[in-house]
Amino acid sequence: MLFWIIVAILTAAVAAALLSPLLRRARAGADDRAGEAAVYRDQLGELERDLRQGLITAGEADYAKAEIARRLLAVSAGGGAGAAMPSGRRRRIAEIFVLLCLPAIGLGLYLETGSPELPAQPLQARLDNPGEDIGILIVKAEQHLARNPDDGAGWDLLAPIYFRSGRLGDAEMAYRNAIRLKGATAERQNGLGETLVTAADGVVTADARAAFEQALKLDPQNFRTRFYLALAMEQGGQAGEARAAFEAIARDSPPQAPWLELVRQHIAANGGGPVAPPPGNPSEADIAAAEGMTGGDRQQMIEGMVASLAEKLREEPKNIEGWLRLVRSYAVLNQPQKAGAALKDALAVFPADSAEGRQLLALSAELGVKAEGAVQ
């Protein structure tokens with residue numbers, strides 16, 4: 001009941017705010033007409049004085065009086081029927097619309113799209129039970145880090161979430177804190193570099209290049225790192241070096257890698273041609289055949305690759321990057337049960353209170369994946 005009382009009060013306040021200009025305009029119009037009528041009456045008085053003093057003839061006075069009287073009558077009638085009625089009608093229509101139609105439309109939309117039956121939930125209650133609300137999870141993490149600024153795992157968890165949310169300044173700060181507190185890894189350095197590139201509208205700045213060079217030392221075969229460093233060469237005018245770097249990425253990449261088309265575009269932009277596959281790798285004909293697969297065949301191939309990753313993780317479970325890829329892959333394939341099972345298995349290897357476990361929980365919140373039976 002209190003909710004509807006508040007709604008009524010707010011509706012009345014909005015209606016009053018919208019009607020106020022209309023009422024002020026009507027009052028202003030009435031004041032203007034009264035002032036104009038007073039001017040005409042003064043003019044009639046001046047004519048009488050001029051006539052008595054012999055400044056004008058009786059005929060001139062009668063003509064002027066008739067004209068002033070006509071204008072005075074028009075003003076007294078509200079500007080004439082033809083002018084007053086349309087303005088008055090428009091004002092009344094606007095008042096009716098504000099008083100009746102707007103509240104009715106707003107109430108209808110709320111009943112259609114809102115949830116009036118839900119009980120009120122204070123902010124603290126939502127923070128205590130965030131569910132899958134990523135915004136509330138971010139607030140909880142920020143509150144925790146405000147109390148524990150040296151929690152490197154917390155910054156490590158929050159950095160990629162900030163990046164995906166478009167909060168690039170916060171993402172840079174979080175990555176730098178994670179690196180300072182937990183040490184440099186290829187993933188953290190790549191995250192920092194990509195954040196700096198995005199903030200610079202796609203330009204690989206000197207700071208970003210330094211981050212990627214550090215990442216390359218930690219993981220020399222990381223395609224993400226190699227791509228950005230090749231892009232830095234291209235943007236720096238080193239077309240030959242950039243082409244060679246992009247060609248090396250193309251040769252080393254799996255035949256169905258999603259980044260291959262972009263890499264080939266950069267090779268062409270730097271004056272290169274088609275890249276020949278090294279011995280033992282699929283030929284151009286094999287790649288073309290794979291690209292010509294039907295939807296079902298392609299789906300079967302993708303599922304086979306995911307199954308192969310799952311098998312590798314069963315043999316070598318201490319691989320957080322592999323578990324993250326597996327959970328995301330199942331989610332992309334719209335297989336929530338398998339994604340939940342993979343998340344549960346991963347949390348059995350990396351407990352929820354560990355840095356890796358927090359990464360898994362952050363990914364599950366992002367994808368809406370639940371690990372049934374697992375403690376999160």
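Residues numbered from 1 in each chain as written. Predicted model: local features only at pLDDT ≥ 70, side-chain atom pairs only at ≥ 80, totals over all residues. Heavy atoms only, no water.

Side-chain pairs of opposite charge can arise whenever the charged atoms involved come near each other. On inspection of all chains with the given rule, the structure shows 10 salt bridges. The salt bridge involving Glu-172 is made with Arg-176; its shortest N-O contact spans 3.1 Å. One end of the pair, Glu-172, and the other, Arg-176, are both in helix α7 (residues 168-182), 4 residues apart, so they sit about a helical turn from each other. The salt bridge partner of Arg-224 is Glu-194, with a shortest N-O separation of 2.6 Å. Remark: Glu-194 occurs in helix α8 (residues 186-199) and Arg-224 occurs in helix α10 (residues 223-235); sequence separation between them is 30 residues. The network of salt bridges with common partners includes Glu-142, Arg-167 and Asp-170. (Salt bridge = Lys/Arg side-chain N within 4 Å of Asp/Glu carboxyl O. Helix = DSSP H or I, 4+ residues; strand = E, 2+ residues; numbered from the N terminus.)

Look at helix α6 (residues 152-164) against helix α17 (residues 355-367): their axes get within 8 Å of each other, and the N-to-C directions meet at 25 degrees. The pairing of α6 with α17 is recorded here as roughly parallel in orientation. Note that α6 runs across α17; the crossing there is right-handed. Counted together, Ala-153, Asp-156, Leu-157, Ile-161 and Arg-164 of α6 and Ala-355, Arg-358, Gln-359, Ala-362 and Glu-366 of α17 form the full contact between these two elements. Among the residues making up the contact of α6 with α17, the classes are represented as 5 nonpolar, 1 polar and 4 charged. (Axes fitted to C-alpha atoms, helices over the stretch in contact; angles between N-to-C directions. Parallel < 35°, antiparallel > 145°, perpendicular 65-115°, else oblique. Left-handed = near helix turned anticlockwise from the far one by under 90°. Contact = heavy atoms within 4.5 Å. Nonpolar A, V, L, I, M, F, W, Y, C, P; charged D, E, K, R; others polar.)

Counted under the stated rule, the structure contains 4 aromatic pairs. When the centroid spacing of 5.8 Å and the interplanar angle of 85 degrees are considered together, the rings of Phe-227 and Tyr-228 count as edge-to-face. Using a relative accessible area of 14% as the deciding quantity, one classes Phe-227 as buried. Aromatic ring contacts, followed pair by pair, group Phe-212, Phe-227, Tyr-228 and Phe-246 into a single cluster. The positively charged end of Lys-318 is found above the aromatic ring belonging to Phe-350, 5.5 Å away from the centroid. (Phe/Tyr/Trp six-rings, centres within 6.5 Å; stacked < 30°, edge-to-face > 60°. Buried < 20%, exposed > 50% of the residue type's maximum accessible area, 1.4 Å probe, protein only. Lys NZ or Arg CZ within 6 Å of the ring centre and 35° of its normal.)

Moving on, we get to helix α9 (residues 206-218). With 13 residues, α9 extends 19 Å from end C-alpha to end C-alpha; this agrees with the ideal 18 Å at 1.5 Å per step. By the burial criterion, the buried members of α9 are Ala-208, Ala-211, Phe-212 and Ala-215. In a view along the axis of α9, the buried residues occupy a sector of 95 degrees, so they form one face of it. Opposite its buried face, α9 presents the exposed residues Ala-206 and Lys-217, each directed more than 90 degrees away. Of the surrounding secondary structure, the elements contacted by the buried residues of α9 are α8 and α10. (Expected span 1.5 Å × (residues − 1). Arc of directions from axis to C-beta.)

This next bit is on the nonpolar core. Of all hydrophobic cores here, the largest spans 37 residues; its most connected members are Val-204, Phe-212, Phe-227, Tyr-228, Phe-246 and Val-263. Listing elements by their share of this core, those giving two or more residues are α5 (134-147), α6, α7, α8, α9, α10, α11 (239-252) and α12 (260-269). Among the nonpolar cores identified, the runner-up in size contains 21 residues, and Ala-310, Trp-323, Phe-350 and Leu-360 belong to it. (Core = buried A, V, L, I, M, F, W, Y, C linked by side-chain atoms within 4.5 Å.)

Glancing now at the confidence of the model for the protein. For the protein, per-residue confidence averages 76 on the pLDDT scale, and 67% of positions sit at 70 or higher. Scored below 50 in pLDDT, residues 276-292 shows 17 contacts in the model against residues more than four places distant or in partner chains. (pLDDT = per-residue confidence, 0-100.)

Another aspect to go through is the side chain of Asn-222. Take Asn-222: it is sitting in the loop between α9 and α10. At 3.0 Å, the side chain of Asn-222 forms a polar contact with the backbone nitrogen of Arg-224. (Polar contact = N/O pair within 3.5 Å; in protein donor to acceptor, adjacent residues only side chain to side chain.)

The next point concerns helix α15 (residues 320-332). Here α15 contains 13 residues, and its C-alpha end-to-end distance of 18 Å stays within 8% of the 18 Å for a straight helix at 1.5 Å per residue. Of the residues making up α15, those classed as buried are Ile-320, Gly-322, Trp-323, Leu-324, Leu-326, Val-327 and Tyr-330.

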